[in-house]
Amino acid sequence: QVQLVESGGGLVQPGGSLRLSCTASGVINRIYTMGWYRQAPGKQRELVAHIISGGSTTYADSVKGRFTISGDNAKNTVYLQMNSLKPEDTAVYYCFARLSRPPSSDGVPYWGQGTQVTVSS
């Protein structure tokens with residue numbers, strides 16, 4: 001079994017910061033991509049940011065310049081540093097990973113349970 005365990009959500013005032021963490025555990029051959037999606041009430045799930053194994057990153061336009069994604073390959077962990085938070089960032093944030101399990105090298109998607117981020121005064 002592979003699990004993605006998220007932490008770091010919560011309530012923060014506009015302009016504040018939060019740091020999300022997500023660790024993949026289990027028997028893993030290789031992690032190809034890790035990242036974060038979010039889903040606000042009444043809206044579709046959307047990509048926030050992801051990082052591939054070589055270190056290249058992608059961000060949604062709405063978070064560029066405010067959010068930073070980083071990874072620790074040794075710990076199978078991805079972080080999302082969120083600064084200058086806005087009320088419209090309020091959502092459930094889901095960790096995502098595309099990884100392979102032995103003996104296969106085929107990448108398969110996995111999702112975390114989600115962590116709530118609320119930006120409100």
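Given the structure is predicted, the values throughout are model-derived calculations rather than measurements.

Enquirer: Just checking my understanding: could you explain the overall build of the protein for this structure?
Expert: A count of helices and strands for the protein gives 0 helices and 11 strands. Element order for the protein, N to C, with α for helix and β for strand: β-β-β-β-β-β-β-β-β-β-β. For 121 residues, the compact-globule estimate of 2.2 N^0.38 gives 14 Å, and the C-alpha radius of gyration of the protein, at 14 Å, lies within 12% of that figure. Based on the C-alpha atoms only, the size of the protein along its principal axes is roughly 50 × 25 × 25 Å. The buried share of the protein, reckoned over its 121 residues, is 37%. For the protein, contacts bridging at least 24 residues in sequence account for 55% of all contacts bridging at least 6. A total of about 6,500 Å² of accessible surface is found on the protein, and carbon and sulfur atoms cover 46% of it.

Enquirer: Which parts of the structure should I look at to understand the packing of aromatic side chains?
Expert: The geometry of an aromatic ring pair comes down to the distance between the two centres and the angle between the two planes. One pass over the structure, following the stated rule, counts 3 aromatic pairs. Taking 5.8 Å as the distance between ring centres and 65 degrees as the angle between the ring planes, the aromatic pair formed by Tyr37 and Phe96 counts as edge-to-face. Of this pair, Tyr37 sits in strand β4 (residues 30-39) while Phe96 sits in strand β9 (residues 91-100), and the two are 59 residues apart along the sequence. Look at Tyr37 and Trp111: their rings are 5.1 Å apart centre to centre, the planes differ by 65 degrees, and that puts the pair in the edge-to-face class. Residue Tyr37 is located in strand β4, and its partner Trp111 is located in strand β10 (residues 108-111); the two are separated by 74 residues in the primary sequence.

Enquirer: Explain the pairing of strand β11 (residues 115-119) here, please?
Expert: For a regular strand, the rule is simple: side chains alternate between the two faces of the sheet. Burial of the side chains of β11 is restricted to one face: Thr115, Val117 and Val119 are buried, whereas none of Gln116 and Thr118 on the reverse face is. Pairing of strand β2 (residues 10-12) with β11 involves 3 bridges; the strand directions are parallel. In the sheet register, Gly10 faces β11, and the bridge partner there is Val117. Relative to β11, β9 runs antiparallel, the two being bridged by 3 bridges. Each bridged residue has a counterpart across the sheet, and for Ala91 the counterpart in β11 is Val117.

So, how was this worked out
- Residues numbered from 1 in each chain as written.
- Predicted model: local features only at pLDDT ≥ 70, side-chain atom pairs only at ≥ 80, totals over all residues.
- Heavy atoms only, no water.
- Helix = DSSP H or I, 4+ residues; strand = E, 2+ residues; numbered from the N terminus.
- Rg over C-alpha atoms; globule rule 2.2 N^0.38 Å.
- Buried < 20%, exposed > 50% of the residue type's maximum accessible area, 1.4 Å probe, protein only.
- Contact = heavy atoms within 4.5 Å.
- Areas by Shrake-Rupley, 256 points an atom, 1.4 Å probe, with all protein chains shown as cover.
- Phe/Tyr/Trp six-rings, centres within 6.5 Å; stacked < 30°, edge-to-face > 60°.
- Pairing = 2+ DSSP bridges.

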